[in-house]
Structures are given as C-alpha cells and as structure tokens.
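Chain residues, written in single-letter form:
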Amino acid sequence: MESFNPVTTQGLSITNLFWLELAISALLLAGVIGLLVTALIRFRAPPGDRADAPQIHGNERLEVIWTATPAAVLVVIFFLMIGTMRTVNAEQPNAEPVEVVGHQWWWTFSYPNRQAITANELHVPVGTPMQVSLDSADVIHSFHVPQFGWMQDLVPGKTNSMWITVVRPGTFDGTCNQYCGLQHAWMRVTVVADPPDQFNAWVQQQAQPVTPTGAPGEKVFQQNTCVSCHAIRGLPGATGTVGPDLTHLGSRSTLGAGVIQNTPDNLRAWIRDPQAIKPGVLMPAFASLSESDMSALVDYLESNK
Ligand code: CUA
C-alpha cells in the first residue's frame, strides 16, 4: 500500500494519474453495467411469453459509439501519461547528486559534491531535488523505495538515473527488487529524509575522516584482513572497496543491509560468524579473534559515529 502514499513530487504525479485513470475506468464500467441492467429489466419478456426475441443484425450508430468512445478515452489517457512521464523525468536544476551502486547484497550511497560515502542508508534533504545515478558492481539489481513512486534498475556497465524530490520528512523502507542471488531478500534500503539543515549536519559528519588514535580496536582492524575489503577514511591502510565503507559505521541503524540492528552485541556476532546471520554473504568469519580483540574492535567500530 505504500505505493499509494508517495513522498516525492514524481511519485505524486504517478499516483494522481493512477487515481484519475481509475475514476475514468469506474465511470465507464458504471455506464456499461447501467445500460446492461436497464436493458435486462426494460426488455424482459412478459410472463408466459415463449416466443423468440426479435433478431437484429448490426446497428451502425451503436457500433460507431462503442468504438469511438474507448478510442477517445485511450487518446486522453495517452496524453495524460506523456505529461506524467515528462514530470517524472524532468531534469531538476541545482539538484544534489547522489551515486548509488548495487552490490551482492548491499548498497553504496555517495555524495560526490560532499566527499561523503555511506552504505545501505540513504539520507536526503526534504524539498531538495536529488539527481540519483545508479550503477552495479556485479549483477542487475533494482532500487525500489515504494514511497518514491517507482523504481530503477542498476545494470553493470550502464549508468541509469532518476530524479527525486522528497516532500516530507520521515523514514522510508526500500528493497532490491530484481532477484540478484542468495541474499536478494536482505538487500534493504533505509531512506532518511530530514530538513535541509539536519541533512547538511549529517552529510558533513559523514564526510569527516577519522583521526587515528592508536586505540586497541584500531590496531585489530588494521592488522587483520578487514582492511583488504573495507575502507575507514583517515585510517592508514584501510582503503578496501569490496565491502561497505565503515568510516561512520556507528551512525547506521542496521548491519548487513538490514539483516540485524546495529548494536554492539549484533556487530560482535556478525564479525564472529556472518554466514550464520546472512548465509552466502561475501564476508568471511573471524572466529579466531580473541575475546579481548573482538571487544576492542567492536568498541572501535561503534565509536565511529
Ligand atoms: Cu540486489 Cu536483488
């Protein structure tokens, strides 16, 4: 039902067209049913009359009416649809660019004008048009947030785009909508729409690199294979791009693209054995980490808000 409650100007124009078409169809249906019922009642045979009804062949005027009316309705709907498509695809000046990359099975969201990059949680400013470009790192995915009003595929080697202007604050759920392998179902998106000043504060925070402090957990991260796949901006050696950027992991609401809430206990369980939580995920288990190293690592990652 969320599709009927769009939160973007583009989605609103699609939903408005849907309701208008539904009203036109309902009107036509009512007309046809009305005529049918009228004919059944008015022209029914009197009781006892067993004679055949008069047989009629063709009625030019009627045939023209029932051909021309649906044709005219289709022409009207066609032009309404063209209008809606133009609204949905209209280029928005001064749009904030955001790049979406689909991976098996998570999302990168980066804000090229802000030097900010995050995963699985898309933040947008209310009332500001966003130019969303979509690409894939592996197979075909589809970016679907029902309340945006429509979806767009992410195709390897081809950049698709969509424009969205979110009109009210809130948190909106989305999914990957193109079967993309074992954990397709756990390729969730959370959209957080905030007033522009709140969005700006968030994006500036996300753009900040960390300052290395030599904390025990920082060393555990650098000395294990974490850094081959994950980046923590500002931390020497941590420049992997295969897995999600973890610079501000502590600020995210979920782990594993929605599969569990982001809590220290869940993060510990995830690092210990991600396959137990999300079978097929590309992250290997770190079963051999000592309890103290694990605690230090979890503290470190969660402290990066
Ligand atoms: Cu990605 Cu389904």
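As a reminder, the structure under discussion sits directly above these lines.
Residues numbered from 1 in each chain as written. Predicted model: local features only at pLDDT ≥ 70, side-chain atom pairs only at ≥ 80, totals over all residues. Heavy atoms only, no water.

Peer 1: I keep staring at the sheet that holds strand β8 (residues 160-165) and nothing clicks. Help me out?
Peer 2: The strands making up a sheet are joined through hydrogen bonds of the backbone, oriented either antiparallel or parallel. Overall, mixed pairing links the 5 strands, which are arranged β3-β2-β1-β5-β8 in an open sheet. Across the chains shown, the open sheet's two edge strands, defined by having one partner strand only, are β3 (116-119) and β8. Geometrically, the sheet is characterised by an average inter-axis angle of 25° between neighbouring strands, direction not taken into account. Together, β1 (96-103), β2 (106-111) and β3 form the strand contacts of helix α3 (residues 196-207), whose direction differs from that of β3 by roughly 90°. (Pairing = 2+ DSSP bridges. Helix = DSSP H or I, 4+ residues; strand = E, 2+ residues; numbered from the N terminus. Axes fitted to C-alpha atoms, helices over the stretch in contact; angles between N-to-C directions. Contact = heavy atoms within 4.5 Å.)

Peer 1: It is not clear to me how the packing of helix α1 (residues 9-42) against helix α2 (residues 60-89) should be interpreted in this structure. Could you clarify?
Peer 2: Helix packing for two helices is described by the angle between their axes and how far apart those axes are. Look at α1 against α2: their axes get within 9 Å of each other, and the N-to-C directions meet at 170°. The angle between α1 and α2 places the two elements in the roughly antiparallel class. Along the contact surface, α1 presents Gln-10, Ser-13, Ile-14, Leu-17, Leu-20, Glu-21, Ile-24 and Leu-28, while α2 presents Thr-69, Val-73, Ile-77, Leu-80, Met-81, Thr-84, Thr-87 and Val-88. Of the residues contributing to the contact of α1 with α2, the split by class is 10 nonpolar, 5 polar and 1 charged. (Parallel < 35°, antiparallel > 145°, perpendicular 65-115°, else oblique. Nonpolar A, V, L, I, M, F, W, Y, C, P; charged D, E, K, R; others polar.)

Peer 1: What am I meant to see in the nonpolar core here?
Peer 2: Counting 33 residues, the largest nonpolar core has Trp-107, Tyr-111 and Phe-143 as its most contacted members. Mapped by element, the contributors of at least two residues to this core are β1, β2, β4 (121-125), β5 (129-136), β8, β9 (170-176), β10 (188-194) and α3. Residues in contact with Tyr-111, not counting those within four places in the same chain, are Glu-96, Pro-97, Val-98, Ala-116, Thr-118, Leu-122, His-123, Met-130, Phe-199, Trp-202 and Val-203. Counting 25 residues, the second largest nonpolar core, distinct from the first, contains Leu-246, Ile-260, Ile-271 and Met-283. (Core = buried A, V, L, I, M, F, W, Y, C linked by side-chain atoms within 4.5 Å. Buried < 20%, exposed > 50% of the residue type's maximum accessible area, 1.4 Å probe, protein only.)

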